[in-house]
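# Structural overview
Okay, here's what each chain looks like letter by letter:
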Amino acid sequence: MVPAMAFAVPLCPGVGIFSGMEIDDESKLPAGRAGSFATTHWSLVIAAGNDAGEESRRALEELCRAYWSPLYAYVRRRVSSVHEAQDLTQAFFERLLEKQYLAVADPNRGRFRSFLISAFKHFLSKEWDKAKAQKRGGERAIFSMDFQALDIVWGATADSQTPDYVFDRQWAITLLGRVMLKLQRDMERLGKSREFRFLKDFVGNSGSVSYREVASELGMSESAARMTASRMRGRYRELLHAEIAQTVGSAEEVEEEIRYLFKVLSS
């Protein structure tokens, strides 16, 4: 079962859930229940590592759009220059296929989160100087990265927070942001955009206002508002499990990964 704190979803824009992320519409991905286990992100990794064709590059681009921000948060704690951190992040994703980092990826060996940070550390240790020496802007960026948005969040990060901690925390924030966005899109497809807007805080906590106040705004009874929020929490739980399942190697790892990520968020 998802721990209770799994619903303490950070919704404040200052936390950076939606900062700097370009999230594609993934409405066709499976919702994820106990009887199913989709490794969508790992499938993309394997596809990107198999060849250097157009299909592989499209798969890589989708991965990069989803997971660039935790790596940038990591390298911002490793280097003093913002521009250098940006160049290194872009160069890493450009060379994933070139250096065949993805060809050795194996979903049976664990979490996609662990693989990605290990590959990035390898890149930094082996090619840091080469990447820094290249002319800025010399390589074609495979997609736009909103570095400035993340700099607002992580630029003033306390020095006591290690690069690995910053990476894991931004990973958790990114993942939860994807889950919340999917929940929002679910509600919009049901014609319940207003319900989502007024009740989203109750997915994570008691909200800043009472159910009675929200029910009045929505023109429904308090019990109906509570029921809608309960259903939103249930759907959020399904989407959370599905998103986690796409980043780990087995169904048994889902709960462990959820516990770990919320531990990082609460520390």
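Residues numbered from 1 in each chain as written. Predicted model: local features only at pLDDT ≥ 70, side-chain atom pairs only at ≥ 80, totals over all residues. Heavy atoms only, no water.

## Section: the side chain of Glu257
Along the chain, Glu257 turns up in helix 11 (residues 254-266). A distance of 2.5 Å separates the side chain of Glu257 from the side chain of Arg111, its partner in a polar contact. Sequence-distant contacts of Glu257, defined by excluding residues within four places in its chain, comprise Arg111, Arg113, Trp171, Ile244 and Val248. (Helix = DSSP H or I, 4+ residues; strand = E, 2+ residues; numbered from the N terminus. Polar contact = N/O pair within 3.5 Å; in protein donor to acceptor, adjacent residues only side chain to side chain. Contact = heavy atoms within 4.5 Å.)

## Quick word on the nonpolar core
By size, the foremost hydrophobic cluster in this structure holds 69 residues, and its most contacted members are Phe92, Phe112, Phe120, Leu183, Leu199, Tyr236 and Leu240. Residues in contact with Leu183, not counting those within four places in the same chain, are Phe196, Val203, Met232, Arg235, Tyr236 and Leu239. (Core = buried A, V, L, I, M, F, W, Y, C linked by side-chain atoms within 4.5 Å. Buried < 20%, exposed > 50% of the residue type's maximum accessible area, 1.4 Å probe, protein only.)

## Some thoughts on the packing of aromatic side chains
The tally for this structure, following the rule as stated, stands at 14 aromatic pairs. Centroid distance Trp68 to Phe147: 5.5 Å. Interplanar angle 80°. Geometry classified as edge-to-face. Of the two residues, Trp68 sits in helix 2 (residues 54-76) while Phe147 sits in helix 5 (residues 147-154), which places them 79 residues apart along the sequence. Note on accessibility: Trp68 and Phe147 belong to one class, buried. Centroid distance Phe92 to Phe120: 4.8 Å. Interplanar angle 65°. Geometry classified as edge-to-face. Taken together, the residues span a long stretch of sequence, with Phe92 in helix 3 (residues 82-98) and Phe120 in helix 4 (residues 112-133) at a distance of 28 residues. There is no split in this pair, since Phe92 and Phe120 are both buried. Stacked on the ring of Tyr67, the Lys or Arg Arg178 has its end atom at 5.8 Å from the ring centre. (Phe/Tyr/Trp six-rings, centres within 6.5 Å; stacked < 30°, edge-to-face > 60°. Lys NZ or Arg CZ within 6 Å of the ring centre and 35° of its normal.)

## A word on the packing of helix 9 (residues 211-218) against helix 10 (residues 222-245)
For the pair helix 9 and helix 10, the least separation of the axes is 8 Å and the interaxial angle reads 100°. When the axes of helix 9 and helix 10 are compared, the pair comes out roughly perpendicular. Residues Tyr211, Arg212 and Ala215 of helix 9 form the contact with helix 10, whose own contacting residues are Glu222, Ala225, Arg226, Ala229 and Arg233. Of the residues in the contact of helix 9 with helix 10, the class split is four nonpolar, no polar and four charged. (Axes fitted to C-alpha atoms, helices over the stretch in contact; angles between N-to-C directions. Parallel < 35°, antiparallel > 145°, perpendicular 65-115°, else oblique. Nonpolar A, V, L, I, M, F, W, Y, C, P; charged D, E, K, R; others polar.)

## Remarks on the packing of helix 6 (residues 163-189) against helix 10
Between helix 6 and helix 10, whose axes approach to 9 Å, the crossing angle comes to 130°. Taken together, the axes of helix 6 and helix 10 are oblique relative to one another. Pair helix 6 / helix 10 crosses with right-handed handedness. Contacts from Leu175, Leu176, Arg178, Val179, Met180, Lys182, Leu183, Asp186 and Met187 in helix 6 reach Thr228, Met232, Arg235, Tyr236, Leu239, Leu240, Glu243 and Ile244 in helix 10. When the residues that make up the contact of helix 6 with helix 10 are grouped by side-chain class, the tally is eleven nonpolar, one polar and five charged. (Left-handed = near helix turned anticlockwise from the far one by under 90°.)

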